[in-house]
Amino acid sequence: MLFRSTLNSLLPFRLGEGAKIYIGHTAFDYPIGALGVSVVIEKLYDLAAIIILALIVVLGAGTGVIDLRMLAPLCLIGALGAVGLYLIRMNAEKIARHLEDWPVLASLGFDAQSARADLAALNHPIGRATAFTAALWLSNMSLATYAFNAFLHGAGPDIFGAITLLLVIALAIAVPASPAGLGVVEAGITTYLVAVLGASKEEALSAALAYHFVITTPHSCIALAFLCSEFFRRLASETAD
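Residues numbered from 1 in each chain as written. Predicted model: local features only at pLDDT ≥ 70, side-chain atom pairs only at ≥ 80, totals over all residues. Heavy atoms only, no water.

Visitor: Which residues make up the overall build of the protein chain, and what are the values?
Guide: Helices and strands together make up the secondary structure of the protein chain, namely 11 helices and 0 strands. Considering only residue pairs separated by 6 or more positions, the protein chain has 58% of its internal contacts joining residues 24 or more positions apart. When the accessible surface of the protein chain is split by element, carbon and sulfur atoms take 72% of a total near 13800 Å². (Helix = DSSP H or I, 4+ residues; strand = E, 2+ residues; numbered from the N terminus. Contact = heavy atoms within 4.5 Å. Areas by Shrake-Rupley, 256 points an atom, 1.4 Å probe, with all protein chains shown as cover.)

Visitor: Could you give me a rundown of the side chain of Glu186, with the residues and numbers involved?
Guide: Within the fold, Glu186 resides in helix α10 (residues 184-195). Of the polar contacts made by the side chain of Glu186, one reaches the side chain of His212; its length is 2.6 Å. (Polar contact = N/O pair within 3.5 Å; in protein donor to acceptor, adjacent residues only side chain to side chain.)

Visitor: So what's going on with the packing of aromatic side chains? Which residues, and what values?
Guide: Inspection of every chain in the model, using the stated rule, returns 2 aromatic pairs. Centroid distance Phe148 to Phe151: 6.3 Å. Interplanar angle 85°. Geometry classified as edge-to-face. With Phe148 and Phe151 both in helix α8 (residues 126-151) and 3 residues apart, the pair spans about one turn of that helix. In this structure Phe148 comes out as buried when scored by relative accessible area, which is 0%. Phe151 sits in the partly exposed class, given a relative accessible area of 29%. Put simply, the rings of Phe148, Phe151 and Tyr211 pair up and form one aromatic cluster. (Phe/Tyr/Trp six-rings, centres within 6.5 Å; stacked < 30°, edge-to-face > 60°. Buried < 20%, exposed > 50% of the residue type's maximum accessible area, 1.4 Å probe, protein only.)

Visitor: Mind laying out α8, listing which residues take part and the relevant values?
Guide: Compared with the 38 Å implied by 1.5 Å per residue over 26 residues, the 37 Å span of α8 between its first and last C-alpha is a close match. Looking only at α8, the buried set comprises Ala129, Thr133, Trp137, Met141, Ala144, Ala147 and Phe148. Just downstream of α8, His153 is the residue with a positive phi angle, here 55°. (Expected span 1.5 Å × (residues − 1).)

Visitor: Can you explain the packing of α8 against helix α11 (residues 201-240)? Please cite residues and give values.
Guide: As a packed pair, α8 and α11 sit with axes 10 Å apart at the nearest point and diverge in direction by 140°. Taken together, the axis directions place α8 and α11 in an arrangement best described as oblique. The two elements α8 and α11 cross, and the hand of that crossing is right-handed. From α8, Asn140, Leu143, Ala144, Ala147, Phe148 and Phe151 reach across to α11, where they touch Ala207, Ala208, Ala210, Tyr211, Val214 and Ile215. In terms of residue class, the contact of α8 with α11 is built from 11 nonpolar, 1 polar and no charged. (Axes fitted to C-alpha atoms, helices over the stretch in contact; angles between N-to-C directions. Parallel < 35°, antiparallel > 145°, perpendicular 65-115°, else oblique. Left-handed = near helix turned anticlockwise from the far one by under 90°. Nonpolar A, V, L, I, M, F, W, Y, C, P; charged D, E, K, R; others polar.)

Visitor: Provide a residue-level description of a nonpolar patch on the surface, including the pertinent values.
Guide: On the surface, Val83, Tyr86, Leu87 and Met90 cluster together to form a nonpolar patch covering roughly 420 Å² of accessible area. Take Met90: it is sitting in helix α4 (residues 68-90). (Patch = residues over 30% accessible without salt bridge, like charges linked within 9 Å, V, L, I, M, F, W, Y side chains within 5 Å. Salt bridge = Lys/Arg side-chain N within 4 Å of Asp/Glu carboxyl O.)

Next comes the structure, spelled out in structure tokens:
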């Protein structure tokens, strides 16, 4: 998870998702298919959280920052994703048997047993996954509220402003324009702080850079420590062989 977040923070095009699948398979021997399914599920939960937060901002703050014309397609995508996840979850066994008949998959040695193991990720406890997603976004919300008020000497956003900033950051990072959304994230944060909160451009840009650094550095250090330990572990294993 941390390794995925680090690569997503440092590389464009969400390449960290591929790294999650690779590391999960090579280091922890998880099935590749199940890891791929878990990535899709995780994105659906995040999309649902973004839609809910956007609705909270629209109904509670009414700042006009969120365009309802953008929110409607997001709601539609989220609804289709939820319905699709439910249908696949309810018909996982049938899907697994049908996948075995695909010539391309059959040539790769794919069988129904593997499909069932991969699709088993769909049968995760929904309540627990929802609770973890909510806890993650609540912690991000608290961090954004505290951090920007600290950076701007108490003139930062309230809770609705923090939620709006989280939405701006999430959408900016999702744009595959640069590594870690560098420049795009800062531009979005700076625009909001200047246009909505009336901060000076210098203060807003400094706060944006500081916040981006704060949310990137900790998990990057942990991921680097993991890579170092994994390197020395493999080196010791090869030496022993």
